[in-house]
Amino acid sequence: MLTAICGINWGDEGKGKMVDLLSQDQDVVCRYQGGNNAGHTVINERGKFVLNLLPSGILRENVVNVLGCGMVIDIRHLTEEAGRLREKGVKITPENLKISDRAVITMPYHVLMDCLEEDRLAGKKFGSTRRGIAPVYSDKYMKKAFRMGELLHPERLYERVREIVEWKNLTIEGGYRHEPVSADEMIEYLKTYGEIWKDYICDVGLYLNRMDAAGKKIMFEAQLGALKDIDFGIYPFTSSSSTIAAYAPIGAGVPNLRLDKTIGIMKAYSSCVGEGPFTAELFGEEAEKLRAAGGEYGAATGRPRRVGPFDAVASAYGVRCQGADEVVLTKLDILSIYDEIPICTAYELDGKIVREFPYPDALSRCKPVFETFKGWKCDISHCRKKEELPKEALDYIAFIEKACACKISYVAVGAERDAVIKF
Ligand code: GDP
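Residues numbered from 1 in each chain as written. Predicted model: local features only at pLDDT ≥ 70, side-chain atom pairs only at ≥ 80, totals over all residues. Heavy atoms only, no water.

**Brief notes about the pairing of strand 7 (residues 97-100)**
Right, on to step 1. Burial along strand 7 is two-sided: Leu-97 and Ile-99 facing one way and Lys-98 and Ser-100 facing the other are all buried.
Right, on to step 2. Relative to strand 7, strand 5 (residues 64-67) runs parallel, the two being bridged by three bridges. Paired with Leu-67 across the two strands is Ile-99, which belongs to strand 7.
Right, on to step 3. Here strand 7 pairs with strand 9 (residues 201-202) via two bridges, running parallel. Looking across to strand 9, one finds that Ile-99 is bridged to Ile-201. (Buried < 20%, exposed > 50% of the residue type's maximum accessible area, 1.4 Å probe, protein only. Helix = DSSP H or I, 4+ residues; strand = E, 2+ residues; numbered from the N terminus. Pairing = 2+ DSSP bridges.)

**Focus: the pairing of strand 3 (residues 40-44)**
Right, on to step 1. The side-chain alternation of strand 3 yields one buried face, formed by His-40, Val-42 and Asn-44, and one unburied face, formed by Thr-41 and Ile-43.
Right, on to step 2. In the sheet, strand 3 pairs with strand 4 (residues 47-51) via five bridges, with the strands oriented antiparallel. Within strand 4, the position partnered with Thr-41 by the bridge is Val-50.
Right, on to step 3. In this structure, the hairpin formed by strand 3 and strand 4 is closed by a connection of two residues.

**Concerning the domain arrangement of the protein chain**
Right, on to step 1. Here the protein chain is described as being made up of domain 1 (2-102 + 201-263), domain 2 (104-197) and domain 3 (265-422).
Right, on to step 2. Of note, the centres of domain 1 and domain 2, computed from C-alpha atoms alone, are 23 Å apart.
Right, on to step 3. With 29 residues of domain 1 at the interface, the matching set in domain 2 holds 24 residues.
Right, on to step 4. Summing both sides of the interface, domain 1 and domain 2 together bury roughly 2,300 Å²; the carbon and sulfur share of this comes to 63%.
Right, on to step 5. Ranking the residues of domain 1 by area buried against domain 2 places Val-72, Ile-75 and Ile-201 at the top, with a combined share of 30%.
Right, on to step 6. For the pair domain 1 and domain 2, the number of links is zero salt bridges. (Domains from an automatic or database assignment. Contact = heavy atoms within 4.5 Å. Buried area = accessible area lost by both parts, 1.4 Å probe. Salt bridge = Lys/Arg side-chain N within 4 Å of Asp/Glu carboxyl O.)

**Quick look at the pattern of salt bridges**
Right, on to step 1. Under the counting rule described, the total for this entry stands at 24 salt bridges.
Right, on to step 2. Here Lys-15 makes a salt bridge to Glu-13, at a shortest N to O gap of 2.7 Å.
Right, on to step 3. Ionic pairing is found between Asp-418 and Arg-384, a salt bridge with its closest N-O pair at 3.7 Å. With Asp-418 in the loop between strand 19 (408-412) and strand 20 (420-422) and Arg-384 in the loop between strand 18 (367-374) and helix 12 (391-404), this residue pair connects regions lying 34 residues apart in the sequence.
Right, on to step 4. Salt bridges sharing common partners tie together Asp-12, Lys-267, Glu-296, Arg-305 and Lys-331.

What follows is the structure in structure tokens.
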């Protein structure tokens, strides 16, 4: 049984919490794209955890976790992240963590190039997390990156490091006029961290196929959401990887397997990190009120997120891109602050009303059309059954379900593991 958990919106929908919850009866949890630009927050009985590279299943003792071939892995960051979790008593061994030999290594010079480029762009910056993600994915497709499996064949790897660092310095030194990168230092870096992780590296495709053949349950955990997908998102203000569920079997290492179920995680209002068109955006005091109520500050970077009401146009598109069979609506409790809750139900584009999500260039000309819904104005964070929710909340949920043409299977009303209502 293969299930994908993916984001319907711009990311930060609360995927970490839901993977943590839904992984209770899973055998394997697999990340399939992105790198340590992710920031999945999980709060359970052991405390609060922010996971950047490790799948959220790492917090469950009986779950095996996989870092798939579609990922880019900063091996120093992975070492530090694993260290922080181990300090809190989380077990991380080659038995419960398997790293794809085909995953790509994010090198220190990728981080450097990300920073150099963001600084060069200055006022026109993209809002990168400065963690080297775009440069390392570019190198992957230039066929000038290193894969984790190469750490097991160091002689050939070190030869390639010398060739590639020479090529990199053409840009770093020649283009950006920055001090060149030292090939010896990069080799030392790979030796140090390669040693730490070498026993975790394997052919995860083979492992996952065997698990599937044995009838085990495998869950794929996405990073970010449909609107940040490199192909289907608000390009160029997207991430550099495929965030959609259809990519999960490829990015995990099992292109031969088919998903049985796709669960989309969708937030009851909108939030977005970074630049780019964000039609339903609120500004000033109104934005601050929602941002503060929802704690909308980046888990990976601490940056204040842009916020706005629920966007039915973008969310319906997100549901379609993800091919979601069902949706989990998160953070409904945050909307308790409102007497009247706005929803963006359409866009106005060049004087016309549109309900289909437009191409990114047209999107930047769109203005939101809001409708308002009666708020419930009471604390719903203790509700655990559908019947306990006020009528206004049920109406709000029913409207969203219809607007996105997808069944809502759970509603989350708090950050804690048990703060969910099954629908
Ligand atoms: P992810 O990247 O999709 O996992 O999302 P983040 O972890 O960046 O953001 C979700 C944040 O909201 C985290 O701090 C969660 O603990 C929290 N959260 C998740 N679901 C809910 C919910 O239903 N209500 C509230 N109040 N917080 C939630």
